[in-house]
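Here are the chains, one letter per residue:
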Amino acid sequence: MTPETTGWIDKFEGLKQLPDDIRAALVAGSKVLIVPEGTEIFAPGQSADNLLLLIEGTVRVQQKSDTGREVILYRVNAGESCVLTTACMLAFEDYAADGVAETEVTAVAIPRATFDDLAGRSPLFREFVFKAYSRRITDLFTLINDIVFQRMDVRLAQRLLELADERDTIRATHQALANELGTAREVISRTLSEFHRRGWIEQARGEVRLTGKTGLERLVKAAGLL
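Residues numbered from 1 in each chain as written. Predicted model: local features only at pLDDT ≥ 70, side-chain atom pairs only at ≥ 80, totals over all residues. Heavy atoms only, no water.

- Per an unreviewed UniProt entry, the chain is named Crp/Fnr family transcriptional regulator, and its organism is Thioclava kandeliae.

Quick look at the structure:
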């Protein structure tokens, strides 16, 4: 896949109907990048110069406090755009969070000049940008609600169920799970110990195995989240 073709545009639902002239301008004014796993794509204090559209891979967007505590805000997956970048470009603000490639990433980088041009003359492009922005804002409000109001044991149980592979195994440290849920590692460790006591999980270094999945599901269902 190269910038000379428009095939990647059809991977983004909101861009499929762009007219030929706008598609040509989008391709001519952007470039396709391949980013290795683990690469820091953006960081606090950096300017947002390109809107990123992910063709393949996953980018984790996270924020770190002055004390070093991290919380994962959201992930950008294939077929999605990074809305923090959108917000920063619209407001001419620097990034206030980190973006890290969780996998090898193939993405389209749309420079500010192309972004401004297409947002100004294409209603379909504008709709794509703001629909994605609206959906992610809703997700962030849900995250805030979960952190403030939901019990940690319920949130952790739900996340373990979501992260489990086909062998009911989650490969993550206590700190990584704490970052996922915006809490302290010690809170995760205590909660996992309680899950172990109930026979719901077994633990090894960097790994959690679900041995009582129905118990976790009952806990989540009782909270109305399943």
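## Structural notes on the overall build of the chain
- Of the regular secondary structure elements, the chain holds eight helices and 10 strands.
- When its C-alpha atoms are laid out on the principal axes, the chain stretches across 60 × 35 × 35 Å.
- Here the chain, with 226 residues, has 42% of them falling under the buried criterion.
- Relative to all contacts within the chain whose residues are 6 or more apart in sequence, the contacts with residues 24 or more apart total 67%.
- As displayed, the chain has an accessible area near 11,900 Å², and 50% of this comes from carbon and sulfur atoms.
- Charge separation in the chain, taken as the distance between the mean sites of 28 positive and 33 negative side-chain charges, equals 7 Å. (Helix = DSSP H or I, 4+ residues; strand = E, 2+ residues; numbered from the N terminus. Buried < 20%, exposed > 50% of the residue type's maximum accessible area, 1.4 Å probe, protein only. Contact = heavy atoms within 4.5 Å. Areas by Shrake-Rupley, 256 points an atom, 1.4 Å probe, with all protein chains shown as cover. Lys, Arg positive; Asp, Glu negative; His and termini not counted. Charge placed at Lys NZ, Arg CZ, Asp CG, Glu CD.)

## Considerations on the UniProt feature "domain: Cyclic nucleotide-binding" (unreviewed entry) in the chain
- Those places that UniProt annotates as "domain: Cyclic nucleotide-binding" (unreviewed entry) correspond, in this numbering, to residues 14-136.
- Secondary structure content for residues 14-136 is 34% helix and 33% strand, while the C-alpha to C-alpha distance between its ends is 15 Å. (UniProt positions renumbered as here; feature names shortened; annotations may be inferred.)

## Considering the sheet that holds strand 8 (residues 169-170)
- Taken together, the three strands give an open sheet; going across it, the order is 8-10-9, and neighbouring strands pair in antiparallel fashion. The outermost strands of the open sheet, each flanked by one partner alone, are strand 8 and strand 9 (201-204).
- Across two bridges, the pairing between strand 8 and strand 10 (residues 207-210) is antiparallel. Residue pairing across strands places Ile 170 opposite Val 208, the latter belonging to strand 10.
- Packing of helix 7 (residues 185-197) onto the sheet brings it into contact with strand 9 and strand 10, and relative to strand 9 it is tilted by some 125 degrees. (Pairing = 2+ DSSP bridges. Axes fitted to C-alpha atoms, helices over the stretch in contact; angles between N-to-C directions.)

## As for the sheet that holds strand 6 (residues 98-101)
- If you trace the four strands from one edge of the open sheet to the other, you get 2-6-4-5, paired in antiparallel fashion. Lying at the two open borders of the sheet, with one neighbouring strand each, are strand 2 (40-42) and strand 5 (70-77). On average, adjacent strands in this sheet sit at an angle of 30 degrees to one another, irrespective of strand direction.
- As defined by bridge partners, strand 4 (residues 58-64) adjoins strand 6 across four bridges and the pair is classed as antiparallel. Within the sheet, the bridge partner assigned to Arg 60 lies in strand 6 and is Val 100.

## Some details on a nonpolar patch on the surface
- On the surface, Ile 137, Phe 141 and Ile 144 cluster together into a nonpolar patch covering about 300 Å² of accessible area.
- Considering the arrangement of structural elements, one finds Ile 137 in helix 4 (residues 123-149).
- Ile 137 gets classed as partly exposed once you look at its relative accessible area, which sits at 32%. (Patch = residues over 30% accessible without salt bridge, like charges linked within 9 Å, V, L, I, M, F, W, Y side chains within 5 Å. Salt bridge = Lys/Arg side-chain N within 4 Å of Asp/Glu carboxyl O.)

## As for the nonpolar core
- In this structure, Trp 8, Leu 15, Leu 26, Leu 53, Val 61, Leu 84 and Phe 125 are the most contacted members of the largest nonpolar core, which totals 38 residues.
- Looking at this core, the elements with two or more residues in it are helix 1 (20-28), strand 3 (50-56), strand 4, strand 5, helix 2 (83-91), strand 7 (105-111), helix 3 (112-121) and helix 4.
- When residues no more than four places from it in sequence are discounted, the contact partners of Val 61 are Phe 42, Ile 72, Leu 73, Tyr 74, Val 76, Cys 82, Leu 84, Ala 97, Asp 98 and Gly 99.
- Within the second largest apolar cluster, 21 residues are counted, among which are Leu 156, Ala 157, Ala 172 and Leu 219. (Core = buried A, V, L, I, M, F, W, Y, C linked by side-chain atoms within 4.5 Å.)

## Thoughts on the packing of helix 5 (residues 152-163) against helix 8 (residues 213-222)
- Remark: helix 5 packs on helix 8, axes separated minimally by 9 Å, with the N-to-C direction vectors making an angle of 130 degrees. Regarding the angle of helix 5 to helix 8, the classification is oblique. The chirality of how helix 5 crosses helix 8 is left-handed. Of the residues in helix 8, those in contact with Asp 153, Val 154, Ala 157, Gln 158 and Leu 161 of helix 5 are Lys 213, Leu 216, Glu 217, Leu 219 and Val 220.
- Across the contact of helix 5 with helix 8, the residue classes break down as six nonpolar, one polar and three charged. (Parallel < 35°, antiparallel > 145°, perpendicular 65-115°, else oblique. Left-handed = near helix turned anticlockwise from the far one by under 90°. Nonpolar A, V, L, I, M, F, W, Y, C, P; charged D, E, K, R; others polar.)

## Considerations on helix 8
- Within the sequence span of helix 8, burial applies to Gly 215, Leu 216, Leu 219 and Val 220. Angularly, the buried residues of helix 8 cover 135 degrees about the axis, an arc narrow enough to put them on a single face. Facing away from the buried side of helix 8 by more than 90 degrees, the exposed set consists of Thr 214, Arg 218, Lys 221 and Ala 222.
- Packed against the buried residues of helix 8 are helix 5, helix 7, strand 9 and strand 10.
- Positive phi shows up at Gly 224, right after helix 8, with a value of about 80 degrees. (Arc of directions from axis to C-beta.)

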